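# Analysis of the macromolecular model
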Amino acid sequence: MPATTLDATTALVLIDLQRGIAGLPCVPLPSAEVIERGARLADAFRTRRLPVVLVNVTGGAPGRTESPRPGGAPPANWAELVPELGRQDDDILVTKQQWGAFHGTNLDLELRRRGVTQIVLAGIATSIGVESTARAAHEHGYHVTVATDAVTDLDADTHRNSVEKVFPRLGETDTTEAILALLG
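The shown structure was predicted, so the numbers you read here are calculated from the model rather than taken from an experiment. (Residues numbered from 1 in each chain as written. Predicted model: local features only at pLDDT ≥ 70, side-chain atom pairs only at ≥ 80, totals over all residues. Heavy atoms only, no water.)

## Structural notes on the side chain of Asp-174
The cut-off we apply is this: For helices the rule is a DSSP run of H or I covering at least 4 residues; for strands it is a run of E covering at least 2, with both sets numbered from the N terminus onward. Per-residue accessibility, obtained with a 1.4 Å probe over protein chains only, is compared with the maximum for each type, and a residue is labelled buried under 20%, exposed over 50%, and partly exposed between these values. Residues scored as charged are limited to Lys and Arg (positive) and Asp and Glu (negative), so that His and the chain ends carry no count. We count a salt bridge whenever a side-chain nitrogen from Lys or Arg sits within 4 Å of a carboxyl oxygen from Asp or Glu. Contacts are assigned to residue pairs with any non-hydrogen atoms lying within 4.5 Å of each other.
Mapped onto the elements of the fold, Asp-174 is located in strand β6 (residues 172-174). Buried charged residue Asp-174 carries no salt bridge. Nearest counter-charge: Arg-37, at 11 Å. Ignoring any residue separated from it by four or fewer positions in sequence, one finds Asp-174 in contact with Pro-2, Ala-3, Val-146, Ala-147, Thr-148, Asp-149 and Ile-179.

## Considering the sheet that holds strand β5 (residues 143-152)
We count it as follows: If DSSP finds at least two bridges between two strands, the strands pair. What counts as an axis is a line fitted to C-alpha atoms, over the stretch in contact for a helix, and the angles between N-to-C directions run from 0 to 180 degrees.
The strand order β3-β2-β1-β4-β5-β6 describes an open sheet built from six strands, whose pairing is parallel. Each end of this open sheet is capped by a strand with a single partner; those strands are β3 (92-96) and β6. On average, each strand axis in the sheet is tilted by 25° relative to the strand beside it, whichever way the strands run. As defined by bridge partners, β5 adjoins β6 across three bridges and the pair is classed as parallel. Across the sheet, residue Val-146 finds its bridge partner in β6, namely Thr-173. Together, β1 (10-15), β3, β4 (118-124) and β5 form the strand contacts of helix α4 (residues 126-139), whose direction differs from that of β4 by roughly 165°. Together, β4, β5 and β6 form the strand contacts of helix α6 (residues 176-183), whose direction differs from that of β5 by roughly 140°.

## Notes on the packing of helix α2 (residues 31-47) against α6
Selection criterion: The cut-offs work like this: below 35 degrees is roughly parallel, past 145 is roughly antiparallel, 65 to 115 is roughly perpendicular, and the gaps in between are oblique. Residue classes follow a fixed rule: Ala, Val, Leu, Ile, Met, Phe, Trp, Tyr, Cys and Pro count as nonpolar, while Asp, Glu, Lys and Arg count as charged, and any other residue, Gly among them, counts as polar.
Close contact between α2 and α6 brings their axes to 11 Å; oriented N to C, the two are set at 5°. In this view, α2 runs roughly parallel relative to α6, as classed from their interaxial angle. The segment α2 lies against α6, with Arg-37, Arg-40, Leu-41, Ala-44 and Phe-45 engaging Thr-176, Glu-177, Ile-179, Leu-180 and Leu-183. Classifying every residue of the contact of α2 with α6 by side-chain character gives six nonpolar, one polar and three charged.

## Let's talk about the nonpolar core
As a reminder, the rule being used: As used here, the term nonpolar core means buried Ala, Val, Leu, Ile, Met, Phe, Trp, Tyr and Cys residues forming a set that is joined through side-chain atoms within 4.5 Å.
In terms of nonpolar packing, the biggest core is built from 30 residues, with Leu-12, Leu-14, Leu-17, Phe-45, Ile-124 and Leu-183 touching the most fellow members. Ranked by residues supplied to this core, first place goes to α2 with six residues. Setting aside residues up to four positions removed in sequence, Leu-12 forms contacts with Gly-38, Leu-41, Ala-42, Phe-45, Pro-51, Val-52, Val-53 and Val-120. Core analysis: the next-biggest nonpolar cluster, separate from the first, contains 26 residues, Leu-111, Val-116, Tyr-142 and Val-144 among them.

## Focus on the packing of aromatic side chains
To describe a pair of aromatic rings, you give the distance between the ring centres and the angle between the ring planes. For the record, the criterion: Within 6.5 Å between ring centres, the rings of Phe, Tyr and Trp (the latter by its six-membered ring) count as paired, and their orientation is classed by plane angle as stacked under 30 degrees, edge-to-face over 60, tilted in between.
Counted by the stated rule, this structure contains one aromatic pair. Considering the side-chain rings of Phe-102 and Tyr-142, the 5.9 Å spacing of their centres and the 35° angle between planes classify their relative orientation as tilted. Taken together, the residues Phe-102 in the loop between β3 and α3 (107-113) and Tyr-142 in the loop between α4 and β5 connect sequence positions 40 residues apart. Neither residue differs from the other here; Phe-102 and Tyr-142 are each classed as buried.

Below you can see the structure in the form of structure tokens.
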């Protein structure tokens, strides 16, 4: 369903647009396109004095998994946000230790302090950080909109499942251009 409206106090939440993740091979879109669209959204939100949340990840949940996790220490700049986002002093920075941006962070508190009722999501990876954050936002009572051309994944099938099956059940989806048009 195309995005129909943006609440007066909508925040942009950009997931894991950081050096270590942006350097991974992504599908169906290259990370550079997602970063460019995320930066355009951030500029538009900042111009309208709406909150911009920049999320990075520096760890992972400790539970056992069947899929192997990367071994060894990541490079020193792995968690640095990509400079294209043009981080501003009044942006909200959230550093997470798991897939979603709500659990174990101050994201909900920061949004509620600002009266936020809706979030627009973009970032990498669609089926991991973006989907986990969308699910938690929905469970916290936020309206959720996902910029479908500003998300990408490490796997085409999981990306498609998130965009086609999961996100429509959690909120609305649309393109960056359509979301920018709703911002006015």
